[in-house]
Each structure stands twice: as structure tokens, then as C-alpha cells.
Amino acid sequence: MTDTILEVTDLGKFFGGLRALSGVCFTVWRGEIFGIIGPNGAGKTTLFNCLSGALKPSTGRIGLDGRRIDGLHPHDICRLGLARTFQIVRPFQGMTVLGNVMVAAYGRHPATADAEHHAHEALRSIGMAHLAHLDAERLSVAEMRRLEIARAIATEPRLLLLDEMLAGLTATEAAALCDQIVALNGRGITIVMVEHSVPVISRMCARSIVLNFGTLLAEGTTQDVLRDPRVQEAYLGSAA
Amino acid sequence: MNRFLPAIVPSLLAAAIFAVCLGDPYFMEIFIHTALMGTISVAWNLMAGFTGLISLGHSLFFGIGAYVVAYGHIGFGLPPLVTWPLAVVLAAVMALAIGLLCFRYGLRGYFFAIATLAFSEVAFLLVSATPWLGRSDGMMMPSEDETLLYLQFLEKWPYGLMVLGFLAITLFVGQHLVSSRTGFYWRALRDNEGAAEALGVPAMRYKLIAFVVSAVLTSVGGAFFASTFAFVDPRSTLGVDLSIQLLVFSIIGGLGLLWGPLLGAALLIPLGELLRTAMGVGFNGVNIVVYAVLLMTLALLLPQGLGGWLKTRFPAMPRLGGKPIRQGDAVQ
Ligand SMILES: Nc1ncnc2c1ncn2[C@@H]1O[C@H](COP(=O)(O)OP(=O)(O)OP(=O)(O)O)[C@@H](O)[C@H]1O
Ligand SMILES: [Mg+2]
């Protein structure tokens with residue numbers, strides 16, 4: 001018995017003549033870690049932008065827990081339980097690490113003391129508690145990535161979209177982050193992750209989709225998807 | 001630590017300076033001017049330094065305050081008790097309308113600055129051409145018998161006391177907002193609007209709050225101006241010079257620090273006054289050149305403003321007043 005948390009139907013996004021996404025359909029099940037792979041420019045970030053409301057889709061519909069969310073404001077979508085991180089990190093530079101996370105926590109905890117408490121929790125769960133009072137601009141790349149995640153989980157999401165969190169990290173840093181992602185999933189947060197590394201996706205995600213030039217190449221179990229000849233040709237072939 | 005320390009300390013300092021100036025009407029006049037400009041610069045900075053919205057049209061709200069009080073008195077004999085609240089409501093509605101228009105079309109940075117400038121210039125030109133508002137000559141408010149009701153005092157110090165209250169209230173309101181959810185949302189919007197929205201910040205609503213709060217406080221300043229000087233004219237209440245002064249005091253004092261603009265005003269206004277009197281009549285204009293050179297030197301030496309410099313020199317100073325930001329960082 002599977003239960004759908006995210007349902008994407010015929011999603012399209014056009015920038016002038018460029019079809020960044022077209023006819024994309026897939027379903028994410030509650031509780032899973034779902035993978036999205038595809039070459040550079042395939043439309044993965046554009047997909048996240050549409051899901052989170054940063055961009056208005058040109059066609060199609062997006063359902064979160066059976067509720068239609070396409071066309072809503074990003075802050076409303078966040079409130080409904082969908083959070084995302086940014087591939088290019090976007091810390092609030094003029095604030096501390098704790099302040100950054102408090103902004104996210106305030107959404108469900110309007111009182112400052114509560115927000116601070118929950119922000120601390122979020123930082124602790126991602127192993128950043130000791131950095132709470134540092135200025136956000138002084139973090140390393142790996143720490144900025146974790147700050148992105150800390151902020152996202154401080155919004156208390158049911159569904160978390162992670163956009164290339166592992167790119168540019170050392171093997172140790174990446175392994176630690178993967179463990180933390182699994183731990184978050186263990187706490188009941190459904191995760192959709194975009195990643196270039198095929199080994200990481202095949203290890204972490206039972207099911208995946210592959211995007212290429214804005215269209216869906218394959219959907220299914222990660223094993224099957226990676227074996228698909230079209231995927232081999234379009235993605236693995238060119239990457240190898 | 002009391003979270004209102006960044007409001008309490010500057011208020012007490014200002015009260016001490018007020019007490020010192022009690023003995024001399026000339027000093028009291030400078031105190032009044034400095035405290036008034038400093039306070040509305042604090043209001044301006046809530047928008048610019050904290051929310052990243054640079055307004056070059058704040059004289060519009062000052063002018064609304066001044067003209068509602070002056071015309072209410074001259075035209076209908078209305079006392080400040082009636083006209084001050086009226087001015088505040090009108091300023092709030094105006095800020096809401098302009099804000100809705102600007103934010104709806106995603107104006108920010110320089111474009112927002114120019115849009116606000118345009119609105120205030122239109123008001124300046126309209127008032128300058130309107131006979132019943134005294135055109136560019138301005139209007140004098142008549143003396144009344146009920147002096148207290150009309151806030152007409154022979155001496156200067158009651159006005160000094162009023163502006164001291166205005167300063168303290170502005171700082172407390174400002175500190176309350178800045179250290180609560182509103183302030184966190186403002187700074188998030190200033191630093192990265194896209195990320196803030198993704199984390200659940202309703203951008204439109206919080207930018208409007210910043211605009212309306214700032215405009216309302218500025219209109220109180222304008223109302224105070226009219227009641228104090230019993231005279232209004234477009235140049236001194238609606239002109240772009242006024243808006244620019246708010247920017248200069250804030251940058252020199254410290255953008256993004258609640259009390260920074262007070263420092264800027266407290267340094268620059270007495271300095272300008274000193275240069276003006278020291279240079280005398282024969283050197284008219286030289287004082288402005290000297291002032292300009294000093295201003296440039298300060299801006300170059302202290303990129304985070306006087307307040308920012310103080311904070312880096314003395315890191316133990318209360319952190320809650322905000323974090324100083326560098327010139328230019330506020331404009332995305
Ligand atoms: N705001 C935009 N305006 C115009 N074109 C855009 C915009 N955003 C993305 N694109 C284009 O859409 C296509 C898909 O971009 P997208 O960033 O979604 O790819 P991606 O799969 O995330 O790539 P990468 O792996 O490099 O992150 C690209 O051709 C890109 O240039
Ligand atoms: Mg991308």
C-alpha cells in the first residue's frame with residue numbers, strides 16, 4: 001500500500017522559445033527518498049523552482065497531499081509543508097547562523113523564544129549547533145550547504161527538495177551529509193534529491209526519474225532507470 | 001540582558017543632552033533640529049538598512065504631516081490633537097498605495113528609489129502650485145489664545161521635550177520590531193528575497209509593514225515640524241534635500257544599526273551649524289565645501305558608518321541593535 005505525497009502532471013515551463021520542461025509526470029510516495037538525475041541544463045532546478053512556487057509553471061498541475069499547489073506563493077507552499085534548498089547557496093549574509101534558521105522557524109513559531117528554541121533543534125539535528133552564533137558569511141562551502149538544510153527543516157516540512165547538496169564536497173563531507181539526509185528521512189520527512197553522482201543516487205534512492213532536455217526519460221526503480229538504454233545513451237554515455 | 005538596551009541607552013543620552021541645552025535657547029534649537037532629523041532618519045533606516053528598501057521620497061510623508069497640521073489649523077482651526085492623527089492616517093494610506101504599486105511590479109534597488117523620488121517630486125510640484133496651500137511661499141499658522149491646545153509655546157524647551165519623547169518612542173518601537181519576527185523577516189528580505197520567500201516569509205506583507213511604519217513615523221516628524229515652527233513651505237518639508245539628508249545621516253551613522261542614524265545627525269547637524277557660524281557672512285559657500293569634504297572623508301574612512309566603527313572597536317556593545325552593513329550592500 002503506497003501513499004502519494006507529490007503528484008506532478010504534464011508539467012511544462014517555457015522561457016520564451018526555450019522549453020526548459022515539458023510534459024513531465026511523476027509521483028513521489030510518502031516516506032521515500034526519491035532521486036532526480038539528468039545532465040546539466042536538463043531542467044532539474046527549474047522543476048524545483050516550479051514545485052516550490054518560485055516560478056509559475058506554463059502548463060500542468062502539481063498536487064501536494066492531494067491539494068493543488070501550482071500558482072500559489074512560495075511562502076504559502078512552504079507553509080503547506082514543502083521546503084527546498086538552493087543549488088547556489090543563499091545565506092542571509094547579514095545575520096548569524098542561528099538568525100538564518102530562526103527566519104525559517106518563525107513560520108510555525110511566531111514568538112522569538114520559541115523560534116530560537118526550534119532553530120537550535122534544527123541546527124543540532126544537522127550537527128551545526130556549535131556554529132550557531134557565527135556570522136553566516138564566514139561558513140565554509142560544506143557548512144553553507146548544511147545551513148541550507150537546517151533552514152529548510154526548520155520550516156518543519158513533510159517534503160524536502162534537495163538540489164545538488166553534495167556537489168563540490170569532499171568524499172568525507174559528502175558521506176556525512178548523506179547519513180544526515182537518511183536520518184532526516186528516518187524522522188518522517190519525504191525527500192526528493194537532485195544529484196549528479198549516479199553511485200549516490202543508486203545507494204540512497206529506491207526510485208528515481210531521469211530528465212533530459214526538459215522531458216522525462218524514465219521513471220521507476222533506480223536500478224531499472226539506470227539500465228534503460230535511452231538513459232545510458234543520453235546521460236551515462238555523455239558523462240563517461 | 002534587556003532587549004531594549006539599544007533603545008534605552010540612546011534615549012538617556014539624548015535626555016542628558018536635552019538637559020544640558022536647557023540653559024541656552026540657541027543650543028536648544030540645534031538640539032530640536034538634530035533630534036527631529038535623527039529620529040526620522042531612524043525611521044528611514046528601518047526601511048533602508050533593515051529591509052533593503054531605499055526610499056528617496058520620504059519627504060512626501062514628512063510633507064503630509066506638516067501640511068495636514070498647517071492646513072488643518074489655518075483652514076479649519078483644528079488643533080494638533082485632531083490633525084496629528086489625521087496626518088498619520090493619510091501617510092499610512094499613501095505609503096500603502098505606493099508600496100502596493102511598487103512591490104506589485106517588483107521594483108527594488110535603484111528602481112524603487114527612483115519611483116519613490118518621483119512621487120515626492122509630484123507632491124512638491126503640486127503643493128508649490130496650489131494657491132490655498134500657499135504655493136512655494138508656504139503658509140504661516142496664526143497664534144491662538146489656547147496655547148497648550150495648539151502647542152504654541154513662547155520658549156523652546158517644551159518642543160525639545162516633545163521631540164525627545166518622539167525620539168524615545170521611535171527607538172522603542174523600532175527596537176521592538178527589529179528584535180522580533182518582523183525584524184528577522186525584514187533582514188531576510190534585504191539579504192535574499194528569493195530564499196526568504198522559500199522559507200515562508202510573505203515578502204509583500206513585510207515590505208509593506210516596513211514602508212508603512214517608516215512613513216507613519218516620518219509623518220509624525222512632519223507634524224511636529226509644523227507645530228513647532230508654525231510655518232510650512234514646500235522646500236523645507238517636501239523637497240528632495242530632506243530625503244537626501246535622511247540617507248546621509250543613516251550612511252554616516254551606520255545603516256542597519258537602529259541608533260546609527262542618530263549618531264550621524266548628532267555629528268553632522270552641529271558640525272554644519274558650527275561651520276556656518278564660524279565661516280561668517282564673508283565666506284558664504286565655503287562652509288558647504290568644507291562640509292562636503294568632511295562628509296566624503298567620513299564616508300571613505302568609515303564604510304560601516306560611525307556606529308559600525310564603534311561596534312567593531314567595542315564588540316561588547318549590545319549586539320541587538322542590528323548588525324552594521326557596508327555602503328551599497330543594502331541595494332540588491
Ligand atoms: N530564469 C530563466 N530564464 C531563462 N532560461 C532559464 C531560466 N532558468 C533556467 N533556464 C534554462 O533552462 C534550462 C534548464 O536549466 P536548469 O537550471 O533547470 O538545469 P539543471 O538541470 O538544474 O542544470 P544543472 O545540472 O547545471 O544545475 C537551461 O537551458 C537554462 O539555461
Ligand atoms: Mg540545477
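Along every chain, residues carry numbers that run from 1 in the direction the sequence is written. In the order they appear in the text, chains get letters beginning with A and ligands get numbers beginning with 1. Restriction of local features to residues with pLDDT of at least 70 applies here, the model being predicted, together with a cutoff of 80 or more for giving and counting side-chain atom pairs; totals for whole chains, interfaces and linings are based on all residues. As a rule here, side-chain values cover all heavy atoms of the structure and leave hydrogens and water aside.

(A) Focus on the coordination of the magnesium ion (ligand 2). All names here are of chain A. For Na, K and Ca the donor cut-off is 3.2 Å, and for all other metals it is 2.8 Å, counting N, O and S atoms only; because water is absent from this set, sites may look incomplete. Protein-derived ligands of the magnesium ion (ligand 2) are Thr45 (OG1) and Gln87 (OE1), with the metal-ligand distances lying across 1.9 to 2.1 Å. Note that Thr45 is positioned in helix H1 (residues 44-52) and Gln87 in the loop between strand E6 (82-84) and helix H3 (97-105), a separation of 42 residues in sequence. Classification of Thr45 as partly exposed rests on a relative accessible area of 28%. We call a residue buried when its accessible area falls under 20% of the maximum for its residue type, exposed when it is over 50%, and partly exposed in between, using a 1.4 Å probe and counting protein chains only. Exposure remark for Gln87: the relative accessible area of 30% places this residue in the partly exposed category. Numbering goes from the N terminus for both helices and strands, where a helix is a DSSP run of H or I of at least four residues and a strand is a run of E of at least two.

(B) Representation of the sheet that holds strand E8 (residues 190-194) of chain A. Residues and elements named next belong to chain A. Read from one edge of the open sheet, six strands run E6-E7-E8-E3-E9-E10, paired in mixed fashion. The open sheet is flanked by E6 and strand E10 (215-221), the only strands paired with a single partner. The sheet shows a mean angle of 15° between the axes of neighbouring strands, taken without regard to direction. We treat two strands as partners when DSSP finds at least two bridges between them. With six bridges joining them, strand E9 (residues 207-212) and E10 adopt antiparallel strand pairing. Each axis is a line fitted through C-alpha atoms, and for a helix only the stretch in contact is used; angles between axes span 0 to 180 degrees, taken between their N-to-C directions.

(C) A look at unusual backbone geometry. Residue and element names in this part refer to chain B. Located in the positive-phi region is Arg135, a residue other than glycine, with phi close to 45°. Note that Arg135 resides in the loop between helix H5 (109-128) and strand E1 (139-140). Not every positive phi belongs to a glycine, and Leu151 is a case in point at roughly 55°. With a relative accessible area of 17%, Leu151 lands in the buried category.

(D) View of helix H7 (residues 181-191) of chain B. With nine of 11 residues buried, H7 of chain B is to be regarded as a mostly interior element. Among the residues making up H7 of chain B, those that are buried are Thr182, Gly183, Phe184, Tyr185, Trp186, Arg187, Ala188, Leu189 and Arg190 of chain B. Residue contacts follow a heavy-atom distance rule, with two residues in contact if any of their heavy atoms lie within 4.5 Å. Along its buried surface, H7 of chain B packs onto H3 of chain A together with helix H2 (25-51), helix H6 (157-178), helix H8 (193-198) and helix H9 (203-229) of chain B.

(E) A look at helix H12 (residues 260-279) of chain B. Residues and elements named next belong to chain B. One fewer than the residue count of a helix, multiplied by 1.5 Å, yields its expected span. For H12, built from 20 residues, the straight-helix expectation of 28 Å at 1.5 Å per residue is met to within 8% by its first-to-last C-alpha distance of 29 Å. Within the span of H12, buried status applies to Gly260, Pro261, Leu262, Gly264, Ala265, Leu268, Ile269, Glu273 and Leu275. For H12, the elements touching its buried residues are helix H1 (5-21), H2, H6, helix H11 (240-253) and helix H13 (286-301).

(F) Seen up close, the pattern of salt bridges. One speaks of a salt bridge when a side-chain nitrogen belonging to Lys or Arg is within 4 Å of a carboxyl oxygen belonging to Asp or Glu. The full count for this structure, using the stated rule, is 14 salt bridges over all chains. The shortest N-O distance in the salt bridge between Glu193 of chain B and Lys207 of chain B comes to 3.2 Å. Of this pair, Glu193 of chain B sits in helix H8 while Lys207 of chain B sits in helix H9; the two residues are 14 residues apart in sequence, bridging distant segments of the chain. Across the pair, Lys207 of chain B and Glu193 of chain B agree in class, each one buried. Through salt bridges with shared partners, a single ionic network connects Asp3, Arg30, Asp65 and Arg158 of chain A.

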